[in-house]
Amino acid sequence: MRINQSMENTGAEIERHPCFNLEASHSYGRVHLPVAARCNISCNYCHRDYDCPNESRPGVTSRLLKPEEAVLRIYEAKKFFNNISVAAVAGPGDSLADPENTFKTFKLIKKEFPEIILCMSTNGLNLAENAKYLDETGVKFITVTLNSINTKIASKIYRYVNYKGVIYKGEEAAGILLEKQLESIALCIDNGFLIKINTVLIPGINDLHIKELSKVLKKLGVYLFNVMPMIPAEKSFFHKIGIKGAGRHDIVNATNGLEGINIMKHCRQCRSDAAGLLGNDLSAKFNEETDHGKEKCCSKV
Ligand code: CLF
Ligand code: SF4
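Residues numbered from 1 in each chain as written. Chains lettered and ligands numbered in written order. Predicted model: local features only at pLDDT ≥ 70, side-chain atom pairs only at ≥ 80, totals over all residues. Heavy atoms only, no water.

S.K.: When you look at the pattern of salt bridges in this model, what are you seeing that I'm missing?
M.R.: Pairing between side chains becomes possible if they bear opposite charge and their charged atoms approach one another. Counted by the stated rule, this structure contains 8 salt bridges. One salt bridge in this structure joins Glu76 and Arg73, with 3.5 Å as the shortest N-O distance. Placement of the pair is Glu76 and Arg73 together in helix 3 (residues 67-80), with a separation of 3 residues, close to one helical turn. We note that Glu76, like Arg73, is buried. The salt bridge involving Glu136 is made with Lys132; its shortest N-O contact spans 2.8 Å. Of this pair, Glu136 and Lys132 are both found in helix 5 (residues 127-137), 4 residues apart, which corresponds to roughly one turn of the helix. For Lys132, a relative accessible area of 40% puts it in the partly exposed group. (Salt bridge = Lys/Arg side-chain N within 4 Å of Asp/Glu carboxyl O. Helix = DSSP H or I, 4+ residues; strand = E, 2+ residues; numbered from the N terminus. Buried < 20%, exposed > 50% of the residue type's maximum accessible area, 1.4 Å probe, protein only.)

S.K.: Is there a simple way to explain helix 4 (residues 100-112) in this structure?
M.R.: Working note: α-helix, 3.6 residues per turn, so residues spaced by three or four point in the same direction. Between its first and last C-alpha atoms helix 4 spans 18 Å; for 13 residues at 1.5 Å apiece the expected length is 18 Å, and the two agree. Buried within helix 4 we find Thr102, Phe103, Thr105, Phe106 and Ile109. Buried positions in helix 4, seen along its axis, are confined to an arc of 160 degrees and lie on one side of it. More than 90 degrees from the buried face of helix 4, the exposed residues found are Glu100, Lys107 and Lys111. Elements that come into contact with the buried residues of helix 4 comprise helix 3, strand 4 (84-89), strand 5 (117-122), helix 5 and strand 6 (139-145). (Expected span 1.5 Å × (residues − 1). Arc of directions from axis to C-beta. Contact = heavy atoms within 4.5 Å.)

S.K.: Please clarify how the site of ligand 2 should be interpreted in this entry.
M.R.: Surveying the vicinity of ligand 2 reveals 13 residues, the closest of which are Cys39, Cys43, Cys46, Cys52 and Pro53. For ligand 2, the cavity whose grid points lie within 2 Å of the majority of its atoms is the largest cavity. Here the shell around ligand 2 is built from residues that sort into 8 nonpolar, 4 polar and 1 charged. (Near = heavy atom within 4 Å. 1 Å grid on protein atoms, 1.4 Å probe; cavity = no way out; pocket = protein on both sides within 12 Å on 5 of 7 lines; lining within 4 Å. Sits in = over half its atoms within 2 Å of the grid points. Nonpolar A, V, L, I, M, F, W, Y, C, P; charged D, E, K, R; others polar.)

S.K.: Is there a simple way to explain the site of ligand 1 in this structure?
M.R.: Around ligand 1 sit 16 residues, and of these His32, Glu55, Cys119, Cys267 and Cys270 come closest. Among the residues forming the shell around ligand 1, the class breakdown is 8 nonpolar, 5 polar and 3 charged.

S.K.: How do you make sense of empty space enclosed by the protein when you look at a structure like this?
M.R.: Over the atoms rolls a probe the size of a water molecule, and its path tells where empty space is left. Summed over all chains, the structure comprises 4 cavities of 30 Å³ or more. Within this model, the largest cavity holds a volume of roughly 150 Å³. What lines the largest cavity is a set of 20 residues, among which Cys39, Cys52, Asn54, Gly93 and Asp94 lie closest to the centre. Those elements that provide at least two residues to the lining of the largest cavity are strand 2 (41-43) and strand 5. In terms of residue count, strand 2 provides more of the lining of the largest cavity than any other element does, 3 residues in total. Residue classes in the lining of the largest cavity are distributed as 8 nonpolar, 9 polar and 3 charged. (Points joined across faces, edges and corners; volume = space filled by probe spheres on them.)

See the structure below:
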């Protein structure tokens, strides 16, 4: 199925995307807009009092923004750092679990800041069914968190998957999630989206699986592969049973020698309300000075 209308400028936009391009990260910044509260799966390293650890550092509660407040957030961020090239929705839940706010936010930003690149991260469960709307909205850069292509391994990572209102568990849940992830990655790549894969490295669970995973991603035509260390959120299942987070050395060991795929090495595991340069998060600064977000993130699915 061909869905895309407007991918011809993606190449030029990479030059201004701080995550997809290391060079750009030195001078261009991004703003994360925490408008997506809910999640449709349950990762064992996550606790829903905290930001989504797939694209943010756990242990920091966020304030949710309404789409209109998200636009104001960009104006505020620009006061501190003007060279904002990317606006993204990266949680604190999943961007597409309840996509209304995410799409409304993107539409408002496109109108107010047509030059800003739109970016989004998701667990991929609802991506295929939303790909057409993302394309129409002008989103070209998408991150999918894919932790395993083996349902046995994946069943140790996810407590449940809520697909279209039905709760699945165990390998059945892992199978549904994986099928939707692979379907949506292939669909998006076929239609010109630039896809980055985030994989959360979990010692003893998927750390020996990265090479196999990278081969599948290469075949699919993924643009960038980002293996990030798991930081178990306090009160998460992994935290409770004592599974330790991964360190930088685990990432180096797991990604060393991978061939045929670009490896991201400059990820900062940003908060879902991060702003500015990747290496210099401004969110704390303007969170103190402004108070557009009133609702605290503590949204259970
Ligand atoms: Fe945000 Fe992610 Fe878009 Fe970047 S972050 S949604 S691609 S604009 Fe970047 Fe932050 Fe790493 Fe993400 S450094 S956590 S990779
Ligand atoms: Fe938590 Fe993110 Fe997993 Fe949802 S996708 S359960 S918010 S880590």
